[in-house]
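The primary structure of each chain is shown beneath.
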Amino acid sequence: MEYYLINIICNFFLLLVIRQFLGDFLQFETGNRIKRAVFSVCWLVGTFAVNELFHVPVVNLFTNVLLMLLISSVYEGKLIKKLAVCMIIAVLGAACDMLAYALTIPFLGESDYFYSMALTVVFLLVIERVLRITIRRGKSWDVVGKEMLVLSGFPILAAVLLYCVTAMEAGIYRLIACISVLGISTLSVILYNRLAINLGDRMRKIYLEREVEAYKHEMELMRISDRKEQNLRHDLRHHLFEIEGLAKQGEDEKICTYIDELRRTFVDSKQMVHTGEYETDSLINYLLDNAKNHQIDVTCDIKIPEDIDVSRCKLNVIVGNLLENAIEAAAQADEKRIVLTMQFSAGILFLQIKNTYNGPVRVEGGHVLGKKSQNNHGIGLRSVQDLVREQNGSLDISVTDQFFVAEGMIPVG
Amino acid sequence: MNTYKVAICDDESLTCQEIEKILIENSQQIGAKFHAEIFYTGEALIESIRCGSSYDFLILDIELARMSGIDVGKFLREKNRNFHTQIIYVSSKETYAMKLFSVQPLDFLVKPITEESLFKALKRGFEIIGESEDYFFCNVKRENITISCKDILYLSSNKRIISVVCRDETIEYYGKLSEEMKQLPDYFVQIHNSYAINLNALKKSGTDYVIMNNDEQISVSRKYADSFKDKIFSRWKKMCCEG
């Protein structure tokens, strides 16, 4: 009875670990949840049945891989990649199994060797966590990589605890301790995943709120510009009359001055940027307006196609984050300056943001070190670097005597 | 002081005169002399180019009466296969369609054109034009050949045979690519064990490939990917951000 209970429970937790593994390597479509659940049950029943019927390791391995392949059918990816992933999981599982057995054999008798399965699950979980850190680092929104290292301590400690449990006397307490440790490890992983998703959602919310503010700002500027245009049209006859009068008097200088003033009514000093793409313009203009409110002198040179083939959302996150950091730093400097350059050439989008700063700033390995870097610059810059890397681009951070420089390039198309 | 030939093309005669005035009155300040020709239509400029006129710079309005500035740019690059003449687009608009970038313009200026913005663009052009006075020397069948670097698109190597692919011809001789790289200027960059390209002849760069001005696609190997990216980036910074 104990054997079957431990077997089923361990297989259940093993299944969760396998799904974590598959999620690390492949992309899951949320619409396939029901299919995945059905195939998971098939795996549970199939592996258990084959093991009980045949007790042949090769047959077990083959069944394991086949049924994992079935679960992986609800994930995106080529068949060969899925097969490779399933083989890797199976091999890792077999290795963990052997290690668990070797470690527990001094304590467990022939009749309760099955307790080593719990240790197998925990070992596999540790490996999965380590792989996840390596594979998923650098993908968007996964900004808590270092915290994952801490969380990986859970399954490691669980492994230690389980090892101790196997040394306990046989009985119900050993069974309960075994199940509890497995449960704690798995729950910690689920909790972490939820936290990471929530953090990602929170960051998205912040960006969305900022975009909404930027849109409101841009709408206001458009409204002001429309009103000026209407007034100009209304007063056009008067202006032409004035210019005609000055021309008859031969007052060329005064005509130029008059026309210059007229032209200035159209140029809204708040609208510095016109890329042709509404979201980008509204975001950058909103942030540059913020910069001006901090008495920061801003120079812009933006020449990019209005129909550039790059994810606008990601571009706005990149530029928005870098600009926000630049404004925050320049606002504290004695000489407040920001230089923003965005250009497109030979299929590459180039970007450079330079800002003055106050106080010592150290840059090491593309990361900013310093008191405030942990919470503000750290996360923002990290997101930007992840996003740029995701698009096969590069982002460099450097410091000169005068400027903090963030510059990057993204190949487009 | 170098002298540069400039074609100014705009259907507004006042704009043409204004640009010509800036070029002539400020030649001392910018350190160069200009010989300017004015055209009021794209067709007239194209006809001049067809008749053999060549220019260092085209200052070109985007919105012309019939033939647009884009059409003139396309004629220059695609029909005339001229990638040396630097195109500076001028416009009343501040937004630019992707098709404008396909002719590899040097810069975009918004009207009314200021001296500062025009000089900044011209100075970048001087750097690129100055680079085209570099020469590459090789020995083909015991004959010394001199090739202007501005004509070279890329070099390829196949079993010790170097092919220097130029705009109109390909020259082959025995040699080692790594040795040849030593005599090439710094805007030549190796992107593959067998390929070194001229960055001035680069039409488009993708994640792991480049397309040259003759529309040939060449792969960028992983070994050289990082150094290639660094080279492109530092070149852009030098041209656009410094000075």
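You'll find the structure just up there.
Residues numbered from 1 in each chain as written. Chains lettered and ligands numbered in written order. Predicted model: local features only at pLDDT ≥ 70, side-chain atom pairs only at ≥ 80, totals over all residues. Heavy atoms only, no water.

1. Side note on the overall build of chain B
- A tally of regular secondary structure across chain B gives eight helices and 15 strands.
- Per-residue burial for chain B yields a buried fraction of 53% across its 243 residues.
- Sequence-distant contacts in chain B: of pairs separated by 6 or more residues, those separated by 24 or more amount to 55%.
- Surface exposure of chain B reaches about 12,100 Å², of which carbon and sulfur atoms provide 45%. (Helix = DSSP H or I, 4+ residues; strand = E, 2+ residues; numbered from the N terminus. Buried < 20%, exposed > 50% of the residue type's maximum accessible area, 1.4 Å probe, protein only. Contact = heavy atoms within 4.5 Å. Areas by Shrake-Rupley, 256 points an atom, 1.4 Å probe, with all protein chains shown as cover.)

2. Some words on the interface of chain A and chain B
- Every contact between the two is made by 33 residues of chain A and, on the other side, 24 residues of chain B.
- Surface buried jointly by chain A and chain B totals about 2,400 Å² across both partners, of which 62% is contributed by carbon and sulfur atoms.
- The tally of links between chain A and chain B comes to three salt bridges.
- Lys-237 of chain B is paired through a salt bridge with Glu-407 of chain A; the nearest N and O atoms lie 2.7 Å apart.
- The interface formed by chain A and chain B holds six residue pairs in polar contact (both at pLDDT 80 or more) in total.
- Among the secondary structure elements, those contributing two or more residues to the side of chain A that touches chain B are strand E3 (297-303), strand E4 (337-345), strand E5 (348-355), strand E8 (394-399) and strand E9 (404-411) of chain A.
- Considering each element in turn, the side of chain A that touches chain B owes the most residues, five residues, to E5 of chain A. (Buried area = accessible area lost by both parts, 1.4 Å probe. Salt bridge = Lys/Arg side-chain N within 4 Å of Asp/Glu carboxyl O. Polar contact = N/O pair within 3.5 Å; in protein donor to acceptor, adjacent residues only side chain to side chain.)

3. Concerning the sheet that holds E5 of chain A
Residue and element names in this part refer to chain A.
- With mixed pairing, five strands are arranged side by side in an open sheet as E3-E4-E5-E9-E8. Each of the sheet's edge strands pairs with one partner strand only, and the pair in question is E3 and E8. Averaged over all pairs of adjacent strands, the angle between their axes in this sheet comes to 10°, without regard to strand direction.
- Where E4 meets E5, eight bridges bridge the pair, whose relative direction is antiparallel. Bridged to Thr-341 within E5 is Gln-352.
- Across the sheet, helix H11 (residues 278-293) lies against E3 and E4, angled at about 160° from E3, the strand it touches most.
- Most of the contacts of helix H12 (residues 312-330) go to E5, to which it runs at about 15°, and overall it touches E4, E5, E8 and E9. (Pairing = 2+ DSSP bridges. Axes fitted to C-alpha atoms, helices over the stretch in contact; angles between N-to-C directions.)

4. Some words on the pairing of strand E10 (residues 170-174) of chain B
All names here are of chain B.
- Here E10 shows a clear split, with Ile-171 and Tyr-173 buried on one side and none of Thr-170, Glu-172 and Tyr-174 buried on the other.
- Alignment of strand E9 (residues 161-166) against E10, held across five bridges, turns out to be antiparallel. Its bridge partner being in E10, Ile-161 is matched across the sheet by Tyr-174.

5. Some words on the environment of Asp-334 of chain A
- With respect to the helices and strands, the residue Asp-334 of chain A is situated in the loop between H12 and E4.
- Between the C-alpha atoms of Asp-334 of chain A and Asn-358 of chain A, which are 24 residues apart in sequence, the distance is 7.2 Å.

6. Thoughts on a nonpolar patch on the surface
- Taken together, the side chains of Leu-53, Phe-54, Val-56 and Val-58 of chain A present a nonpolar region at the surface, about 420 Å² in accessible area.
- Take Val-56 of chain A: it is sitting in the loop between helix H2 (33-54) and helix H3 (57-72). (Patch = residues over 30% accessible without salt bridge, like charges linked within 9 Å, V, L, I, M, F, W, Y side chains within 5 Å.)

7. Some thoughts on the sheet that holds strand E3 (residues 57-61) of chain B
All names here are of chain B.
- Across the sheet, which stays open at both edges, the five strands sit in the order E2-E1-E3-E4-E5 with parallel pairing between neighbours. Strand pairing shows two members of the sheet lacking a second neighbour, strand E2 (32-39) and strand E5 (107-110), which therefore form its edges. Between one strand axis and the next, the sheet turns through 25° on average, direction left out of account.
- As paired elements, strand E1 (residues 2-9) and E3 share four bridges and run parallel to each other. Among the inter-strand pairings, Val-6 is bridged to a residue of E3, identified as Phe-57.
- Across the sheet, helix H3 (residues 42-50) is in contact with E1, E2 and E3; its angle to E2 comes to roughly 120°.

8. Observations regarding the packing of H3 of chain A against helix H4 (residues 79-104) of chain A
All names here are of chain A.
- It is at 9 Å that the axes of H3 and H4 come closest, and there the two elements cross at 135°. It follows that H3 is oblique to H4 by the angle criterion. Considering only the axes of H3 and H4, their crossing is right-handed. Note on element contacts: H4 touches H3 through Lys-82, Leu-83, Cys-86, Met-87, Ile-89 and Ala-90, opposite Leu-61, Val-65, Met-68, Leu-69 and Ser-72.
- In terms of residue class, the contact of H3 with H4 is made up of nine nonpolar, one polar and one charged. (Parallel < 35°, antiparallel > 145°, perpendicular 65-115°, else oblique. Left-handed = near helix turned anticlockwise from the far one by under 90°. Nonpolar A, V, L, I, M, F, W, Y, C, P; charged D, E, K, R; others polar.)

9. A short note on unusual backbone geometry
- Omega for the peptide link from Lys-111 of chain B to Pro-112 of chain B comes to 0°, which places this bond in the cis form.
- Along the chain, the position of Pro-112 of chain B falls in the loop between E5 and helix H6 (115-131).
- Even without being a glycine, His-55 of chain A presents a positive backbone phi close to 55°.
- Along the chain, the position of His-55 of chain A falls in the loop between H2 and H3.
- Here Arg-81 of chain B, not a glycine, exhibits a phi torsion of approximately 50°, which is positive.
- Tracing the chain through its elements places Arg-81 of chain B in the loop between helix H4 (69-79) and strand E4 (86-91).

10. Looking at the state of the cysteines
Residues and elements named next belong to chain B.
- In the structure shown here, the tally under the stated rule is zero disulfides over all chains.
- Unpaired in this structure, Cys-9 has its nearest cysteine sulfur neighbour in Cys-16, at a distance of 7.0 Å.
- Residue Cys-9 is classed as buried on the basis of its relative accessible area of 1%.
- As a non-bridged cysteine, Cys-138 has Cys-166 as the owner of its nearest cysteine sulfur, 8.5 Å distant.
- Classification of Cys-138 by relative accessible area gives buried; the value is 4%. (Disulfide = S-S within 2.5 Å.)

11. What to know about the pattern of salt bridges
Residue and element names in this part refer to chain B.
- As enumerated under the stated definition, the model contains 17 salt bridges over all chains in all.
- Linking Glu-127 and Lys-238 is a salt bridge whose minimum nitrogen-to-oxygen distance equals 4.0 Å. Here Lys-238 lies in helix H8 (residues 222-241) and Glu-127 lies in helix H6, a separation of 111 residues in the sequence.
- Under the relative-accessibility criterion, Glu-127 is labelled partly exposed at 35%.
- For Arg-167, the salt bridge goes to Asp-168, with nearest N and O atoms at 3.9 Å.
- Since its relative accessible area comes to 35%, Arg-167 is described here as partly exposed.

12. Quick notes on the side chain of Ser-27 of chain B
Residues and elements named next belong to chain B.
- One can find Ser-27 in helix H2 (residues 27-30).
- A relative accessible area of 15% means that Ser-27 is categorised as buried.
- Here Ser-27 is in contact with Met-1, Ala-32 and Lys-33, once residues within four sequence places are set aside.

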